[in-house]
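For reference, the chains in residue letters:
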Amino acid sequence: MKPQLPVGPNQARIDLLQSVTGALMALFLIVHIHFESSILLGKDAFFAVVQILEGGLFTDDGLGRMWVTRVFSGFMLLLFIAHAAAALRRFPTRYRHWKALRQQMSVVKHGDTQLWFWQMLTGFLLFFLVSVHLFTMLLNPEIGPHYSAARVVHEHAWLLYLLLLPAVVFHAMIGLYRVSLKWGVVANRSRAKKVALFMCAYLMLMGLASLLGYVAIGLDLPLNFEPFGPAH
């Protein structure tokens, strides 16, 4: 069972902050995985999506600007820090707390408590994995069929994404499930859990398919590759 904390105005505000930032990042994840999956439609499709997201509709040449990715990555990093800071108070901080939690879970087989426990563990992993990903995008915001594929293959980012994908998908979808129940967005717990687990499987499959798409492109790229552009 989750540790019970005293309820007060400050605690309520922190709960709200955790819920809002978590929900925003979970919804962004859904959009982000679909955006990444455009690579499955070909290089041209992914390139076109990148230009739109980087503000190409507002430029004379129709091409996006990389600084847009950098600014948005910085915003997501701040959102992530706020969420992590709000969530840290839920983590057991001493070994005896972990031991008591594990003993209770072995006796009381409660499904939502099990989900919360694994969400807590994935949250701990994401503290490192998401930080690496966002700092990478801040320092190297180049996105495109060749840039992204080279990052996956030549810079061995496939290993990061292979760890990040299941952790972030599970954490985000179970988080949405718990937030929707906590704030009364949905009332049917069983149906909401089924939707959350379906979304986990769906996003995992789409994410893995996209990753394989980048790997296939990256394996054919030389080290001194040319950026993909409309002339290709």
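The coordinates are above.
Here's a quick rundown of the structure. As the structure is a prediction and not an experimental result, all values here were calculated from the model. (Residues numbered from 1 in each chain as written. Predicted model: local features only at pLDDT ≥ 70, side-chain atom pairs only at ≥ 80, totals over all residues. Heavy atoms only, no water.)

**With respect to helix 2 (residues 43-53)**
Inference 1: The complete set of buried residues in helix 2 reads Phe46, Phe47, Val50 and Gln51. For helix 2, the buried positions fall inside an angular range of 135° around the axis, keeping them on one side. When the buried face of helix 2 is taken as reference, the exposed residues oriented beyond 90 degrees from it are Asp44, Ile52 and Leu53.
Inference 2: Downstream of helix 2 by a residue or two, Gly55 has a phi angle that is positive, lying close to 85°. (Buried < 20%, exposed > 50% of the residue type's maximum accessible area, 1.4 Å probe, protein only. Helix = DSSP H or I, 4+ residues; strand = E, 2+ residues; numbered from the N terminus. Arc of directions from axis to C-beta.)

**Quick look at helix 6 (residues 145-153)**
Inference 1: For helix 6, a buried count of 8 out of 9 residues is recorded, marking the element as mostly surrounded by other parts of the structure.
Inference 2: Residues of helix 6 that are buried include every one of Pro145, His146, Ser148, Ala149, Ala150, Arg151, Val152 and Val153, and no others.

**What about the packing of helix 2 against helix 6?**
Inference 1: For the pair helix 2 and helix 6, the least separation of the axes is 9 Å and the interaxial angle reads 105°. Between helix 2 and helix 6, the crossing angle belongs to the class labelled roughly perpendicular. Along the contact surface, helix 2 presents Lys43, Phe46 and Phe47, while helix 6 presents Pro145, His146 and Ser148.
Inference 2: Here the contact of helix 2 with helix 6 is built from residues that sort into 3 nonpolar, 2 polar and 1 charged. (Axes fitted to C-alpha atoms, helices over the stretch in contact; angles between N-to-C directions. Parallel < 35°, antiparallel > 145°, perpendicular 65-115°, else oblique. Contact = heavy atoms within 4.5 Å. Nonpolar A, V, L, I, M, F, W, Y, C, P; charged D, E, K, R; others polar.)

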